[in-house]
Amino acid sequence: MTSVDQPTDATAPTYDIDLVPTLLLQTPTPQPLLTGRISLGTPVVRPLNATQAAEGDGDWVEFLESQADQYDYLLLNLVCSFRPSPDGTPFVDAGIGIRLEAPGEPADRQPIAWSISPKKQALPVTPSAQLSLTAKLMFVEAGVEYTPQQDGREELFVVGMGERDSDPEWRFSATAGTPLVGDESLALIVRVPTGVPARAHITMAATVKQRRLGLIPYRAELPPALRTIDFR
């Protein structure tokens, strides 16, 4: 198992995200933008290759070398921050989606999410400086645990889905004892056919609970630097 540093870039900016209310028929008056509640760091992308693997303990060198003629593997990392509201209106849930595509390429030449992190988490976890990979480039999330409630139900804070598809996503949910506040680090290994230009489109949405109007859904108005990420 190889430990891989999370990619960081001191020059990559973090953006405060405007949340635009979704128009609902039962809402009596238009709702204002929400500002200052969510920020998103510029995604950082770097290639994974056999040379890098050989610098570690080498347990996934063989896999990368066996794939080199067919596929490239890229590590994408981003951090999302949820902030509390001054007026006490909490986030109920939120979602971040990534749509992977290689324009003009057939279906069997499209990029996919080979591995995602986190996959399942019951409580917020401080972003780690390292991720562990198995020999098949699958994330191992050391120290992340979830425990079913006494009635057998799982009260999950975040769920990641879409592994081996082109549209992975993470869904966050506030729980009875855990508000949706703090930093969340997300990571994705993308498999791209060798030499194929590919990109990722990012979307984000959230739901806020207001005392008077109840649940109000919002979509994120992402700046161009966050909406589309070119891998090449």
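This report concerns the structure included in the present document.

With respect to burial, strand 13 (residues 182-193) is a largely interior element, 10 of its 12 residues being buried. The pairing of strand 5 (residues 71-82) with strand 13 spans 12 bridges and is antiparallel. By the bridge assignment, Y73 is partnered in strand 13 with R191. As judged from the five bridges shared by strand 7 (residues 112-117) and strand 13, these two strands associate in the antiparallel manner. The residue bridging S115 from the neighbouring strand is I189, located in strand 13.

Quick look at the packing of aromatic side chains now. Taken as a whole and judged by the stated rule, the model has six aromatic pairs. One aromatic cluster in this structure is built from F82, F91, F157 and F172. The cationic tip of R164 hangs over the ring face of W114; the distance from NZ or CZ to the ring centre is 3.6 Å.

A cis amide bond, omega -5°, links S117 with the succeeding residue P118. Among the secondary structure elements, P118 is positioned in the loop between strand 7 and strand 8 (120-121). Non-glycine residue L137 carries a positive phi angle of around 60°. As for its placement among the helices and strands, L137 is situated in the loop between strand 9 (130-133) and strand 10 (139-140). By relative accessible area, which is 0% here, L137 ends up buried. For R164, which is not a glycine, the phi torsion comes out positive at approximately 70°.

This brings us to the nonpolar core. Among the nonpolar cores identified, the biggest contains 41 residues, and I38, F82, I98, F172 and F231 are the most heavily contacted of them. Beyond its immediate chain neighbours, meaning those up to four positions away, F82 contacts R37, I38, F91, A94, F172, L180, V181, G182, E184 and M204. The next biggest cluster of nonpolar side chains, apart from the first, holds 16 residues, and it includes F63, Y73, L75 and I189.

The rules behind each value
Position numbers for residues start from 1 in each chain and track the written sequence from start to end. The model is predicted, so local features are restricted to residues of pLDDT at least 70 and side-chain atom pairs to those at 80 or more, both for listing and for counting; the totals for chains, interfaces and linings are taken over all residues. Hydrogens and water molecules were not included; the side-chain quantities draw on all heavy atoms of the structure. When a residue's accessible area, from a 1.4 Å probe over protein chains only, is under 20% of the maximum for its type it is buried; when over 50% it is exposed; and in between it is partly exposed. Put simply, DSSP marks the helices as runs of H or I at least four residues long and the strands as runs of E at least two long, and each gets a number from the N terminus on. For two strands to be treated as a pair, DSSP must find at least two bridges joining them. Paired rings are identified among Phe, Tyr and Trp, the last through its six-membered ring, by centres lying within 6.5 Å, and are further divided according to the angle between planes into stacked (under 30 degrees), edge-to-face (over 60) and tilted (the rest). Here, a charge over a ring is recorded when the distance from Lys NZ or Arg CZ to the ring centre is within 6 Å and its angle to the ring normal is within 35 degrees. As used in this record, nonpolar core signifies buried Ala, Val, Leu, Ile, Met, Phe, Trp, Tyr and Cys residues forming a set joined through side-chain atoms within 4.5 Å. The contact rule is simple, with two residues in contact once any of their heavy atoms fall within 4.5 Å.

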